[in-house]
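Residue strings, one per chain:
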Amino acid sequence: MGPPGGRGSPPARGSLQHLLLFLLFVGPFNCFASYSRATELFYSLNEGLPAGVLIGSLARDLRLPVAGGQHPGAPQPPLSFTLASRGLGGQYVQLDNRSGELHTSAVEIDREALCVESGGAAVFGGAAAVSAFSPSPESCLLLLDVLVLPQEYFRLVKVKIAIRDVNDNAPRFPVPHIRLSVPENAPVNTRLAIEHPALDPDVGTNGVQTYRLRENYGVFTLDVEENESGERTPYLIVMGALDRETREEYVTVIVAEDGGTPPLVGSATLTIGISDINDNCPQFSDSQLNITLYGNSSLGTHVATVHAVDVDLGSNAQITYSYSQKVPQPSRDLFHLDESTGAITLSSKVDGDTPRLHRLIILGNGPGCIPAVITVLVTIIKVMMRPPEVVPRFIANEAEGVVYLKELEPINTPIAFFTIKDPDEKYKVNCYLDGDGPFRLSPYKPYNNEYLLETTKPLDYETQQLYEISIVAWNSEGFHVNKIIKVQVLDDNDNSPVFSQQLIELTIEENNVPNAFLTKLHATDADSGERGQVSYFLGPDAPSYFALDKTTGVLTVSTQLDREEKEKYRYTVKAVDSGFPPRESIATVTITVLDKNDNSPRFINKDFSFFVPENFPGFGEIGVISVTDADAGQNGWVALSVLNGSDIFVIDTGKGVLRAKVSLDREQQSSYVLWIEAVDGGDPALSSTAKITILLLDINDNPPLVLFPQSNMSYLLVLPSTLPGSPITEVYAVDKDTGMNAVIAYSIIGRRGPRPESFRIDPKTGNITLEESLMQNDYGLYRLLVKVSDHGYPEPLHSTVMVNLFVNDTVSNESYIESLLRKEPDISIEEKQPQISIEPTHKKMESASCMPTLVALSVISLGSIALVTGMGIYICLRKGKKHHRADENLEVQIPLNGRINLHMLEKKPVEISNI
């Protein structure tokens, strides 16, 4: 059974839960008794902090003892810190149960979202959101209840965390467009409140502080007023005179700026409309009109129309027309004046008593204005005969004197019949057509006084939409009348849309933002109405990531373009009208994607390896570094440089050829690691690096170096009792080369001594051994000239060393031996090809195997037999030596004539003391 307070113990968790429940139920009745055990802690932190930021340490701030504190020897139970309830406030913090450290959690604190309910001052709690602490109007508090256990340290800690505001919200107007109306007679310094001020969830100086206009047109400015609650309202102030008739609207941008660092701004469109006041009166363009009226004019004949203009708007511009009081009543009765339109018509029949001159003074009346005045002088001409009559009978569609014809109607399309007659039937009446247009008026035979009006060629709405022609009839007395006919041409869908350019060439930089604007296509259609409305469509060959707005013709690309993937695009677009059947035209769009330096140079390999023989001549070509850049032009130019080892190596920046400035020696350094940087020509430039490994191949440029013996003057004492096969000494050499160039073979090429063939050298190890037993007459100085050769190619190199062996029981006279060593030896050179082989071993074993048998025979033989036995041993040994020399392929003696000079041999003598 574990300890009561152990973590993970079910009884302990149950006890803690029961204790918490007990405290929650009993706490309100027990508050006075436990008040002394309650504590408040205050912290503050910025909103928007990441997880893991330390808010405070409860143990430290409550000055609670921790393990290993002031009394390390005294046993101290571990403290436990627990949130009484994980309410809304608990999700924003992490409490370490052991250390009492309070950190921010993964849930980011957003002050504006947390305190939005109360407009800046709010309290959010865990177990109970109640506090005697009085927050400021801008305070936003998190309240946490923390229980401290065990019992001897038990207390309820009220933790209050004030969330400080940071400037993470820009001002924002509630509407994107604000409209304000200002009367044109507003005096200077007139103040008008803007009803939609900007809102900023931040508080204090991080809230909205100032407003400004991007364009004030020299007549407006802004002021800000702050009320008791701290709200700031912008006011528009008129700084100059306004005139609606000069300019009726001002459009600008209002900018709201907060006081954060750096400040954030928001904007909206502000439209200032200038409202009209009645500051203008009606005016006539002329002061007098002169009109002539025939006395035989029929009732309702239009005499004239007066027109006055008032530049104000709406009711301020309403004009009514009336006769002046100076106009006599007979004239008023003869001529009717329309008070709305100003039209004057004949309202009574002209007779012989009617005056011939009428002066009509007409007033143009506006609200609150002095009337404008115009005089119309009407002269009535007495007519003794009635004019000819023109009676039309329309064939084409006609309404209120307007004939409607479709364009592309065939030639000779009939429009109307006209009957020309004289009311008095006394005079001959003629008729002709007056006016421009493709029309013809011709007599319609076989009838008299009948005329047909028809077309002479197809009408084209796009050329002219309205024709006004006159049918003129006159009699033989010269009296004539006009019948005005208007011909309205109706549009037909006879025109296809026309692009302003048949080939639309565009460019765009690669890595564009999604939905980037390319161009706005424009096609026109000469037809009217729906027939002239053009819609735009992509052709079937357009890639799916291009979009064309069918209404506006705005061409966009929805994805990023990559020049290295595709540089040119070519596809068709269509412009289609809304006629029936619809007509269309096609244009070609070509898009060239411009290069940006978005690709670093790329080496063909990240690691290059080159094998170069040592002693390679300086500035010889080691290898070629291949690098490419997918960009074009200057962005694709690549320059190479050596980052390290530039004092030894150089690279051709254009061709990428790597060279060494000096000859390289493998024995000094066997390999080189270089870093090559490739930099393109973009701005800013991009670069990449590659690793270059240069391995030097060995050539046989070092002869073996003999390390032992160190001198040709040293010698070694060999006792006569030394058994055959015993090692005597060794020759040890090294070669700085590698591989076969460093494989060393040893051979004896010269001998001098009483019986010099008594010593043999191992071709692989350089060990010198005694081959035969030494006899009495074998005493003396032996000098062996050893050749140390490598297996280099194409020609092996070698060194030589003199091995001196003194066979004797003791060294009694060293000076004598040294005098012998100083003498130039008379040695015949036996030039041999050293080879490493172990084939001769079995021959030596055969010769050695005869020894026990011969010795046994010599022991058991009698005196007479002893001589024979001794001769047999001698003969056996001589044969074994001959077989050994014949079969050993390591040493082939080639006697040379003459003496040798040791100083001419290839060696490096080193002075050492005698052995």
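Everything numeric here is computed off the predicted structure, so don't read it as measured data.

**Considering the sheet that holds strand E44 (residues 607-613)**
- One open sheet holds the 4 strands; their spatial order is E44-E51-E50-E47, and the pairing between them is mixed. Looking at strand neighbours, the two that pair on one side only are E44 and strand E47 (638-642), the edges of this open sheet. In this sheet, adjacent strand axes meet at a mean angle of 25° when their direction is disregarded.
- Two strands pair when backbone bridges link them, and strand E50 (residues 671-680) and strand E51 (residues 687-697) are joined in this way by 9 bridges, in the antiparallel orientation. When the sheet's bridge partners are listed, Ser671 is paired in E51 with Leu695.

**Description of the pairing of strand E22 (residues 343-346)**
- Across 3 bridges, strand E18 (residues 302-305) lies against E22 in antiparallel orientation. The residue bridging Ala304 from the neighbouring strand is Ile344, located in E22.
- Summarising the sheet, strand E21 (residues 335-337) and E22 pair through 3 bridges and their orientation is antiparallel. Along E22, the bridge assignment pairs His336 with Thr345.

**Describing the pattern of salt bridges**
- The tally for this structure, following the rule as stated, stands at 20 salt bridges.
- Taking the shortest distance from any N to any O, the salt bridge between Lys160 and Glu40 comes out at 3.6 Å. Of the two residues, Lys160 is situated in strand E8 (residues 155-164) and Glu40 in strand E1 (residues 38-46); the sequence distance between them amounts to 120 residues.
- Classification of Lys160 as buried rests on a relative accessible area of 3%.
- On the basis of relative accessibility, which here comes to 39%, the residue Glu40 falls in the partly exposed class.
- Here Arg232 ties to Glu226 by a salt bridge, and the two come within 3.4 Å at their closest N and O atoms.
- When its relative accessible area of 49% is taken as the criterion, Glu226 is described as partly exposed.
- The network of salt bridges with common partners includes Arg244, Glu245, Glu248 and Asp276.

**Observations regarding the packing of aromatic side chains**
- In the structure shown here, the tally under the stated rule is 17 aromatic pairs.
- Ring geometry for Phe649 and Tyr672: centres 5.2 Å apart, planes at 75°, overall edge-to-face. Of this pair, Phe649 sits in strand E48 (residues 649-651) while Tyr672 sits in strand E50, and the two are 23 residues apart along the sequence. Like Phe649, the residue Tyr672 is buried in the burial classification.
- The structure contains a cluster of three or more aromatic residues connected by ring pairs, namely Tyr545, Phe546, Tyr569 and Tyr571.

About the thresholds
- Residues numbered from 1 in each chain as written.
- Predicted model: local features only at pLDDT ≥ 70, side-chain atom pairs only at ≥ 80, totals over all residues.
- Heavy atoms only, no water.
- Pairing = 2+ DSSP bridges.
- Helix = DSSP H or I, 4+ residues; strand = E, 2+ residues; numbered from the N terminus.
- Axes fitted to C-alpha atoms, helices over the stretch in contact; angles between N-to-C directions.
- Salt bridge = Lys/Arg side-chain N within 4 Å of Asp/Glu carboxyl O.
- Buried < 20%, exposed > 50% of the residue type's maximum accessible area, 1.4 Å probe, protein only.
- Phe/Tyr/Trp six-rings, centres within 6.5 Å; stacked < 30°, edge-to-face > 60°.

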